[in-house]
Structure formats: structure tokens, C-alpha cells
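Here's the letter readout for the chains.
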Amino acid sequence: MELGSIVNFLENKTILVTGATGFLAKIFVEKILRVQPNVKKLYLLLRAQDSKSALQRLNTEVIAKDLFKVLKEKLGANLSNHISQKVTAVAGDITYDNLGVKDTNLLKEMWSEVDFVVNLAATTNFDERYDVALALNTFGAQHVYNFAKKCIKIKLLLHVSTAYVSGEKPGLILENPYYMGETLNGTSGLDIEAEKKVIEQTLSNLRADKATDEDITMALKDLGIQRARQYGWPNTYVFTKTMGEMLLGQIKKDVPLVILRPTIITSTYKEPFPGWVEGIRTIDSLAVGYGKGKLTCFLGDPESTIDLIPADMVVNAMIVAMAAHANQPCDIIYHVGSSVSNPVFFKDIQKFGLNYFTKNPWINKDGNPVIVGKVTVLSTMASFRRYMAIRYLIPLKGLQVVNTALCHFFQGTYHDLNRKIKFVFRLVELYQPYLFFKGIYDDMNTEKLRRATKKGEAEDEIFYFDPKCINWEEYFMNTHIPGVVKYVFK
């Protein structure tokens, strides 16, 4: 594999990006605009009713973000003009044919101009409603592929999935595809069209029973988890992402296809500046809870590897993969993570959190510093259940007895505590597979891509994605946790 200049490669290219308001998509768009001002056009697909609403979302939810401050400094007064020339906001939705784009002139323009399609649209909620997740993560991938096929200049479809399509598989996990009907536990009968019918039947039954909207949502969330576990996946998110990969594998013909599977994505390592992050990502919920003094225990195996990769490294790997496989018949999968070359352990993350918040305590709304200390580490699910029973369930039972004796005087308190405990158990149930995860993601394909970047003229200092260069303690203490505090703590 030989690579020329990637900056030159991006010149005069037209790229369609789906899911354009997402965390990774924003970083991808900013990078392209910053390193190659002569990119021809970026079409950004956003969920919106019309082009005016799409443009408004682009300006408020993408360009206005702090992430674009380096680009703003670089272009100054020319920024608005440059964005209007290079970026087109497209109102659409990947759950529909033609990506839900109603403007026929714009459709024809995209079909004649687009060189690359980058699919970043997804719902990442672990317990999303099954109908929503299947429409977006599974059939959405099919709609994106069908759209790419209509683009007469198409050079590549880059589909961003997740490494966790592997489920709870331990050991070395290879960069292999999943074939239609394949399951993780060997159960036969997985059929994507049949899954669609299961949802339709469930909805029909619920409506016949006059279920409330809230009951329907809860039933469809439970259905997703149940269907996922029936075939060996831990949650709706990774199950529907896997089926999306299966569909792409089955229908791909003439369009070069790259599937990129990142692990847990964290704040930017270096560009456009260190520490930019948005929304509470998987491990950041722990940091937020701990820093605010609300976390009394950590659940997880201290020796488990937590596979992390900074967002800018994922974006760089995406761009290099596009350059490496453009116009070449291909069907390749890339794991982008750190567990093979530079693992970080759950116990390290606990230590970094303690050290950071001891030196830099969070100031609460009363103006007082929140003092943190070592928390109880529960290294098995059995120890978690014991902890919850002693600390919460037994007192809850006592409150129930007192509440009954006092004619439901504490009814509100009882229901509130009961709801919170159920919520914690549901969260733990969803996250448990990752807190005790024993898998390591092989990245041999990605390593070949890294070597090709370093060998040729591909500017590996601009398109860096080698996790071996990360000192995790420095990154957490000086970059990631400060970024989470700045952009996520409220």
C-alpha cells in the first residue's frame, strides 16, 4: 500500500457526510476544512424539515462550536464566505430512500458531484427503542449505500461502525466481517426482515391494548434488549450496528466499501486543540459522577482493559482510509483502538480521576469545593448486588414498612428512591459487559495503514493515529479530564 500526499488528495474532492451534527462528524468536517481549504464541497446531511432549518442547525450546532475556533482564527473575516462556498447543509434523514432529500435539483447535483460518502449517522443509545435503532443503524446503512451507488463519481463509501459489534467475546478479536444471519451465541434464525416484522407486530399489539406513549417506548426498549440477547449481543445499539454491517456485506457490489470500527472515543488528543469533547461519553459519566461527589463506588474489574482512542485519531484514520482505498475494489475492516499497542486499565482510570479531582476539586453551586476520596471498588457483580442490598435495598424495605404504617406519609420519598434504584440497576445491566470486558481488538489492518502513512508522503504528523504515542496519565490529567470539566460538567 503506497500513499501520496493526503492533503493533495483531498483537493477538489466532494464529500457527503451523514449524521453531521454528531461528535465525530464535526471533528471530521473541521479537519477537512482546516487542512485542505481547496476541498470542492462538503454536503452535510442533517435531520431537518427544510433547507432553512438545516442551515440553522449547521450554524448553531456545528460551526458555532468551540471546536471551530482554530479555523475561525485562521480564516478571520473570510470564515462565513468560505463556509458558504464549501459547505452545503442538506435536509434529510437516512431512514428514508434517497436519504429523505426532497429537493430534486439538490439530489441530481449530489449524484453528479459526490466522490465520497461518509456514514456517521447512528443512534448510540444502548437501550434505544428497537424500531428507532433498527431504522437508523441497520436499514439506514442500506439507504446510505443505495444513495452512494447512484453517485456517478463515487470512489468510496466509508461506514463508521463500532468495535463492540463483537459483543462480550473475550480474547483477541479480529478485523473480520459478520455475515448475514451469523450470531454470537450460535442461535439460528436471525433474519433482519423478520426483526422488522417483530417490531410491527409488537407495535400493533400495544396499540390494540391502548398502551400509552410512555408504555410503548419502554416496551420497545425492552424488546431491543431482549432480541439482542437472544442472539448473543448485550444491547440494542451493538446488535443493530452489527446488522447494518451484515446488510452492507450482502448488498455491496460496485462501490468500494470500508468499515471502520472505533473503540471508546474520547476527547481530542491534539487537534484542532487538546481536550475538546461533547456530551457525556461512556467513561465520562464516571468522571462527572466522581468529580461531583455523587459516586460512592466503582463497579468493574480493576484489571480489565478499557480500549480508548481520542476522537482526532479516529478522524485521521478515516481520512487516510479514504485516500488508501479510493477507486479500488475493496471490502476491508479497520479496528481503531489502543488495547493491543497501548492498553489502559480500569484501575488506571480510577487513579487518574482521584489524582485530578484531589488537585482540582469541582466547585459546587454553593461555591464549595467537592472533596473526593478513594471509593469502594466492586470487582464482581455479586459484590455490587451485596453493596446495593446493604446500602439501599434493605433501607428501602424498611421505608416501605414505615410508609405503610404511617398511612403512606412517605409515599413520595419511597417512590423516588425506588425509581432511582431501578435506574441504577438498569444502567449497570447495560454497561456491565464493558466493565468486565476481556476482549482485545486486533488492529493489524490499521497498523498497515499507519505504516503506509509513515512511509510515503502522507504527512503522518498531520494525519496521526498511532495510540503508542499516548502517555495515558498525561493525557487524562492534562487533556481529557480538564476537557470533560470544561465542556461537559454543568
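Coordinates for the structure precede this section.
What you see is a predicted model; the values in this text were computed from it and never measured.

Considerations on the overall build of the chain
So, step 1. Regarding its fold elements, the chain presents 17 helices and 15 strands.
So, step 2. For a compact globule of 490 residues, the expected C-alpha radius of gyration is about 23 Å, and the chain comes in at 24 Å, within 12% of that figure.
So, step 3. A buried classification covers 54% of the 490 residues belonging to the chain.
So, step 4. Of the contacts made within the chain by residues no fewer than 6 positions apart, 83% connect residues no fewer than 24 positions apart.
So, step 5. Accessible surface, the chain as shown: approximately 21,800 Å² in total, 53% of it carbon and sulfur.

Side note on the sheet that holds strand S1 (residues 14-18)
So, step 1. Taking strand neighbours across the sheet as the criterion, the seven strands line up as S3-S2-S1-S4-S5-S7-S12 in an open arrangement whose pairing is parallel. The outermost strands of the open sheet, each flanked by one partner alone, are strand S3 (87-91) and strand S12 (331-336). Going across the sheet, the axis of each strand differs from the next one's by a mean of 20 degrees, ignoring polarity.
So, step 2. Note: strand S5 (residues 156-160) against strand S7 (residues 257-262), four bridges, orientation parallel. Among the inter-strand pairings, Leu158 is bridged to a residue of S7, identified as Val258.
So, step 3. Against the sheet, helix H5 (residues 79-86) engages strand S2 (41-46) and S3, with an angle of about 55 degrees to S3.
So, step 4. The strands that helix H7 (residues 130-150) touches are S1, strand S4 (116-119) and S5; relative to S4, the one it contacts most, it runs at about 175 degrees.

Looking at the environment of Leu435
So, step 1. With respect to the helices and strands, Leu435 occurs in helix H15 (residues 411-435).
So, step 2. On the accessibility criterion, Leu435 (15% relative accessible area) is buried.
So, step 3. Along the sequence, Leu435 and Ser304 sit 131 residues apart, while their C-alpha atoms lie 7.3 Å from each other.
So, step 4. Residues within four places of Leu435 in sequence aside, it is in contact with Leu299, Gly300, Asp301, Ser304 and Phe346.

A closer look at the pairing of S1
So, step 1. Of all five residues that make up S1, five are buried, and the element is covered over most of its length.
So, step 2. Side chains Thr14, Leu16 and Thr18 of S1 all project onto a buried face; the interleaved residues Ile15 and Val17 project onto the opposite face, where all are buried too.
So, step 3. Judged from the four bridges that link them, S1 and S2 form a sheet pairing that is parallel. The residue of S2 that forms the bridge with Ile15 is Leu42.
So, step 4. In this view, the connection linking S1 to its parallel neighbour S2 by way of helix H2 (residues 23-35) has right-handed handedness.
So, step 5. Pairing analysis gives four bridges linking S1 to S4, with the strands arranged parallel.

Rules used throughout
- Residues numbered from 1 in each chain as written.
- Predicted model: local features only at pLDDT ≥ 70, side-chain atom pairs only at ≥ 80, totals over all residues.
- Heavy atoms only, no water.
- Helix = DSSP H or I, 4+ residues; strand = E, 2+ residues; numbered from the N terminus.
- Rg over C-alpha atoms; globule rule 2.2 N^0.38 Å.
- Buried < 20%, exposed > 50% of the residue type's maximum accessible area, 1.4 Å probe, protein only.
- Contact = heavy atoms within 4.5 Å.
- Areas by Shrake-Rupley, 256 points an atom, 1.4 Å probe, with all protein chains shown as cover.
- Pairing = 2+ DSSP bridges.
- Axes fitted to C-alpha atoms, helices over the stretch in contact; angles between N-to-C directions.
- Right-handed = clockwise from strand over helix to strand, strands pointing away.

That is the geometry; function is a separate question.
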